[in-house]
Amino acid sequence: RRLSERRYQLKCQVSIVPMAKPYGGTQSILKNWDDVWSGFHNTYAWTVYLAGDDGTLAADWRVSLLFDPPQEVVERLPPTYIEIHSRDCLRDEGEMYANRLK
C-alpha cells in the first residue's frame, strides 16, 4: 500500500542494490554493466514496471523517492539498510537514494 496512507506502519526497509532511478542513465551503470544487468536490462525493467507511461509516472515520487516526496512521507520512513558495492552497476542509484533519506 501507499506510504501516504497512515494506517500502514513499516518496520524496516531493506534495499539491496536499489533500482531507484527510472531508466537509469547513471555513470555506474554505464561503467559497470555486465551480462547479468546492463543499461538495456534496467530500461526494460522500468518499461515493464511503468507500462504505458508517457513520462508522467516516471517523474512521480510514488515511483521513486528520488523525486522530492513530501517531507512527511520521508519522515515516516522506517530505518533503512542500503547495500551497494563499488563496482555495482546500480551503485549511483543506491547512493542517491541513501542521500535522499538523510
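Up top you'll find the structure we're talking about.
A. Region of interest: the overall build of the protein chain. In terms of regular secondary structure, the protein chain is built from four helices and two strands. For the protein chain, the succession of helices and strands along the chain, N to C, is β-α-α-α-β-α. For 102 residues, the compact-globule formula gives about 13 Å, and the C-alpha radius of gyration of the protein chain, at 14 Å, lands near that figure. Considering the protein chain as a whole, with its 102 residues, one finds that 33% of them fall into the buried category. Taking the intrachain contacts of the protein chain between residues at least 6 apart in sequence as the baseline, contacts between residues at least 24 apart amount to 67%. Surface summary for the protein chain: the accessible area is close to 7000 Å², and the carbon and sulfur share equals 54%.

B. Summary view of the environment of Leu90. Here Leu90 shows up in the loop between strand S2 (80–83) and helix H4 (91–101). When the C-alpha positions of Leu90 and Ile29 are compared, they lie 5.8 Å apart, and in sequence the two are 61 residues distant.

C. Geometry of the packing of aromatic side chains. Under the definition given, this model contains one aromatic pair. Taking 5.5 Å as the distance between ring centres and 75° as the angle between the ring planes, the aromatic pair formed by Trp46 and Tyr49 counts as edge-to-face. Taken together, the residues span about one helical turn, with Trp46 and Tyr49 both in helix H2 (residues 39–49) at a distance of three residues. Taking relative accessible area as the criterion, Trp46 reaches 2% and is therefore assigned buried.

D. Representation of the side chain of Asp53 in the model. By the element assignment, Asp53 lies in the loop between H2 and helix H3 (71–76). Here Gly55 takes part through its backbone nitrogen, which lies 3.0 Å from a polar atom of the side chain of Asp53. A distance of 3.1 Å separates a polar atom in the side chain of Asp53 from the backbone nitrogen of Thr56.

Basis of the calculations
- Residues numbered from 1 in each chain as written.
- Predicted model: local features only at pLDDT ≥ 70, side-chain atom pairs only at ≥ 80, totals over all residues.
- Heavy atoms only, no water.
- Helix = DSSP H or I, 4+ residues; strand = E, 2+ residues; numbered from the N terminus.
- Rg over C-alpha atoms; globule rule 2.2 N^0.38 Å.
- Buried < 20%, exposed > 50% of the residue type's maximum accessible area, 1.4 Å probe, protein only.
- Contact = heavy atoms within 4.5 Å.
- Areas by Shrake-Rupley, 256 points an atom, 1.4 Å probe, with all protein chains shown as cover.
- Phe/Tyr/Trp six-rings, centres within 6.5 Å; stacked < 30°, edge-to-face > 60°.
- Polar contact = N/O pair within 3.5 Å; in protein donor to acceptor, adjacent residues only side chain to side chain.

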